[in-house]
Amino acid sequence: MERLIVDAMNVIGSRPTGWWRDRAGATRRLVAVLERLASSDTVSELAVVVDGRPVGGLPAGPRGALRLLYAPRRGRNAADDRIVELVARDGDPTSLCVVTSDRLLAERVRALGASVVGASVLLRRLDALPPAGDGSPLGPA
């Protein structure tokens, strides 16, 4: 069983879907598909960390098997710092896998014992999930 921490904006920003025109919508779509992954039998824990202000209708906290977190401050590396904090506070960081393509964040969490996979690895996995009601794993762009 996997324990994942997802760098939301890094994953969202890894595909040119036009997410920048509707950042809140892109965040909602990612959270929705991550909820489906979190409820699978391959994942024991899944946390997603989002930069910026909380998205309307998506309060921080548990959402089924998914835990939604926002960076506690604004600014550069805010979500990265939150992810590093989560890994550092974990009782077994070697069992965590951080999903990010951010080289510096990857170095920071690896130094604490976590493993890292790139955003493309997670996106391929999400793409392989059965389609959502709108016909695609991540919904419309």
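Refer to the preceding data block for the structure.
Residues numbered from 1 in each chain as written. Predicted model: local features only at pLDDT ≥ 70, side-chain atom pairs only at ≥ 80, totals over all residues. Heavy atoms only, no water.

**Student:** Tell me about the sheet that holds strand 3 (residues 61-63), and name the residues and values.
**Tutor:** Ordered in space as 3-4-2-1-5-6, the 6 strands form an open sheet in which the pairing is mixed. Looking along the sheet, the strands with just one partner apiece sit at the ends: strand 3 and strand 6 (115-117). Within the sheet, the average angular offset between the axes of one strand and its neighbour, ignoring direction, is 25 degrees. As paired elements, strand 5 (residues 96-99) and strand 6 share 3 bridges and run parallel to each other. Bridged to Val-99 within strand 6 is Val-117. (Pairing = 2+ DSSP bridges. Helix = DSSP H or I, 4+ residues; strand = E, 2+ residues; numbered from the N terminus. Axes fitted to C-alpha atoms, helices over the stretch in contact; angles between N-to-C directions.)

**Student:** An account of helix 5 (residues 119-127) is requested, with residue identities and associated values reported.
**Tutor:** Residues lying three or four places apart along an α-helix face the same way, a consequence of the helix completing one turn every 3.6 residues. All of the buried residues in helix 5 are Ala-119, Leu-122, Leu-123 and Leu-126. Summarising the axial view, the buried residues of helix 5 lie within an arc of 100 degrees, below the 170-degree limit, and thus occupy one face. Here the buried face of helix 5 lies against strand 1 (2-7), helix 1 (8-12), helix 2 (23-38), strand 5 and strand 6. (Buried < 20%, exposed > 50% of the residue type's maximum accessible area, 1.4 Å probe, protein only. Arc of directions from axis to C-beta. Contact = heavy atoms within 4.5 Å.)

**Student:** Hey, could you go over the nonpolar core for me, with residue numbers and the actual values?
**Tutor:** Ranked by size, the top nonpolar core spans 29 residues in total, and within it Leu-34, Leu-37, Leu-46 and Leu-126 carry the most contacts. Contributions of two or more residues to this core are made by strand 1, helix 1, helix 2, strand 2 (43-50), strand 4 (66-70), strand 5 and helix 5. The biggest single contributor to this core is helix 2, with 7 residues. When neighbours within four sequence positions are excluded, Leu-37 is seen to be in contact with Leu-4, Val-43, Leu-46, Leu-122, Arg-125, Leu-126 and Leu-129. Counting 18 residues, the second largest nonpolar core, distinct from the first, contains Ala-47, Ala-71, Leu-96 and Ala-106. (Core = buried A, V, L, I, M, F, W, Y, C linked by side-chain atoms within 4.5 Å.)

**Student:** Can you tell me about unusual backbone geometry, naming the residues and giving the values?
**Tutor:** Although it is not a glycine, Asn-77 sits at a positive phi angle of roughly 65 degrees. Its place among the elements puts Asn-77 in the loop between strand 4 and helix 3 (78-89). On the accessibility criterion, Asn-77 (35% relative accessible area) is partly exposed.

**Student:** Explain the packing of aromatic side chains to me, using residue names and the numbers behind them.
**Tutor:** On inspection of all chains with the given rule, the structure shows 1 aromatic pair. Aromatic pair Trp-19 and Trp-20: ring centres 5.9 Å apart, planes at 80 degrees, arrangement edge-to-face. (Phe/Tyr/Trp six-rings, centres within 6.5 Å; stacked < 30°, edge-to-face > 60°.)

**Student:** Could you give an account of the environment of Cys-97, with specific residues and numbers?
**Tutor:** Here Cys-97 lies in strand 5. For Cys-97, a relative accessible area of 12% corresponds to the buried category. With 18 residues separating them in the primary sequence, Cys-97 and Ser-115 have C-alpha atoms 4.7 Å apart.

**Student:** A description of helix 4 (residues 103-111) should follow, citing residues and the corresponding values.
**Tutor:** What helix 4 keeps buried is the set Leu-105, Ala-106 and Val-109. Taken around the axis of helix 4, the buried residues stretch over an arc of 100 degrees, which confines them to a single face. When the buried face of helix 4 is taken as reference, the exposed residues oriented beyond 90 degrees from it are Arg-103 and Ala-111. Where helix 4 starts, the residue carrying a side-chain oxygen 3.0 Å from the main-chain nitrogen of Leu-104 turns out to be Asp-102. Where helix 4 terminates, the next one or two residues include Gly-113, which has phi positive at roughly 110 degrees. (Polar contact = N/O pair within 3.5 Å; in protein donor to acceptor, adjacent residues only side chain to side chain.)

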